Amino acid sequence: QDGLKQCLAEFRQQLAWVERLDVTLGPVADPLSQNASANDAVDPENDFQREMSFYRQAQAAVLEALPRLRKLQVPTRRPDDYFAEMAKSDQQMQKIRQKLKSKQEAMERSEKAKQLRAMRKYGKKVQVEVLQRRQKEKKNMLNAVKKYQKGLSDKLDFLDEEQTSSQGNKKGNASQRTKKGPNAKRRYKNQKFGFGGKKKGSKWNTKESFNDVSSFQSKVAHNKGPGKGGRGGKGGKKALNKRPGKRARQKMKNRAR
């Protein structure tokens, strides 16, 4: 112990505080703690409590040292034009940046491949379910046809189900699927050819059509309209200038002789 004290006295230098900047204080009192005695009991096994004790002790040292430095007119803030060389060169930082970028790209590719595998698995599952459903419907329909052929059943409901299922599987726009009634082509054919049934006598007059004279036109009926051969029409002018026939011209020659 005497030797340690002697060595300590040899390398101890009586310098000013601004040259030493040593501050020895206890931790700042925790405002959240209800009693001050709890600050002394620090569990060394509790990482959070131990680190908070270090933080409060450093905070107490700063609160003590800053006013003394300002009193001694020692600057405590870094100037705006301060330049410090980095510990690592630009080439090494560029290598680190490239390595981080390659790791990020590899992670993105791995995530995208994982998503594609999941989508393929889901698509295969849906496809298998659709095929199984179609096979089941086909099997049920074949069984119903066999029962009908053997006379075990007299119902034809399976045909309606097949028709509705085929219509449901057709692709098309939503407007076409929700549209009801025949289209324009079907309506035109229905109007032109009818809906089947009796065709004979469909154009015969009835009592109502016989008494209906709203569409009667006297000029057309008596050939007085344009193009009908009347006096004011073009047809009448052509009729006046029409050349007589061969027999009429022969008779006119015989008379002239």
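Summary of the structure given here. Everything quoted here is computed from the prediction, not taken from an experiment.

About the cut-offs
Residues numbered from 1 in each chain as written. Predicted model: local features only at pLDDT ≥ 70, side-chain atom pairs only at ≥ 80, totals over all residues. Heavy atoms only, no water. Helix = DSSP H or I, 4+ residues; strand = E, 2+ residues; numbered from the N terminus. Buried < 20%, exposed > 50% of the residue type's maximum accessible area, 1.4 Å probe, protein only. Areas by Shrake-Rupley, 256 points an atom, 1.4 Å probe, with all protein chains shown as cover. Phe/Tyr/Trp six-rings, centres within 6.5 Å; stacked < 30°, edge-to-face > 60°. Lys NZ or Arg CZ within 6 Å of the ring centre and 35° of its normal. Patch = residues over 30% accessible without salt bridge, like charges linked within 9 Å, V, L, I, M, F, W, Y side chains within 5 Å. Salt bridge = Lys/Arg side-chain N within 4 Å of Asp/Glu carboxyl O. Lys, Arg positive; Asp, Glu negative; His and termini not counted. Charge placed at Lys NZ, Arg CZ, Asp CG, Glu CD.

1. Some words on the overall build of the chain
Point 1. The number of helices and strands found in the chain is twelve helices and zero strands.
Point 2. In the chain, the succession of α and β elements from N to C terminus is α-α-α-α-α-α-α-α-α-α-α-α.
Point 3. Across the 257 residues of the chain, 5% fall into the buried class.
Point 4. Carbon and sulfur atoms provide 52% of the accessible area of the chain, an area that totals close to 25600 Å².

2. Looking at unusual backbone geometry
Point 1. Even without being a glycine, Leu-21 presents a positive backbone phi close to 55°.
Point 2. Looking at where Leu-21 falls in the secondary structure, it is placed in the loop between α2 (17-20) and α3 (37-40).
Point 3. Phi is positive for Gln-73, which is not a glycine, with a value near 60°.
Point 4. For Gln-73, the location among the structural elements is in the loop between α4 (47-71) and α5 (90-150).
Point 5. For Gln-73, a relative accessible area of 74% translates into the label exposed.

3. A closer look at the packing of aromatic side chains
Point 1. Within this structure, the stated rule accounts for zero aromatic pairs.
Point 2. For Arg-68, the ring lying beneath its charged end belongs to Trp-17, and the centroid distance is 3.9 Å.

4. Notes on a positive patch on the surface
Point 1. Residues Lys-114, Arg-117, Arg-120, Lys-121 and Lys-124 make up a contiguous surface patch of positive charge.
Point 2. Turning to its location among the elements, Arg-120 is positioned in helix α5.

5. Details of the pattern of salt bridges
Point 1. Using the criterion set out here, one finds two salt bridges in the structure.
Point 2. For the salt bridge of Arg-20 with Asp-22, the shortest nitrogen-to-oxygen distance reads 2.7 Å.
Point 3. Taking relative accessible area as the criterion, Asp-22 reaches 39% and is therefore assigned partly exposed.
Point 4. Across the pair Asp-47 and Arg-50 runs a salt bridge, and its minimum N-O distance is 2.9 Å. Here Arg-50 and Asp-47 lie together in helix α4, a separation of three residues that amounts to about one turn.
Point 5. According to the relative accessible area criterion, Asp-47 is partly exposed, its value standing at 48%.

6. Examining a nonpolar patch on the surface
Point 1. Residues Val-18, Leu-21 and Leu-72 make up a contiguous nonpolar surface patch of about 260 Å² in total accessible area.
Point 2. As for its position among the elements, Leu-72 is in the loop between α4 and α5.

7. Digging into the environment of Met-52
Point 1. Mapping Met-52 onto the fold places it in helix α4.
Point 2. Given a relative accessible area of 29%, Met-52 falls into the partly exposed group.
Point 3. Distance from Met-52 to Val-42, taken between C-alpha atoms, is 9.6 Å for residues ten residues apart in sequence.

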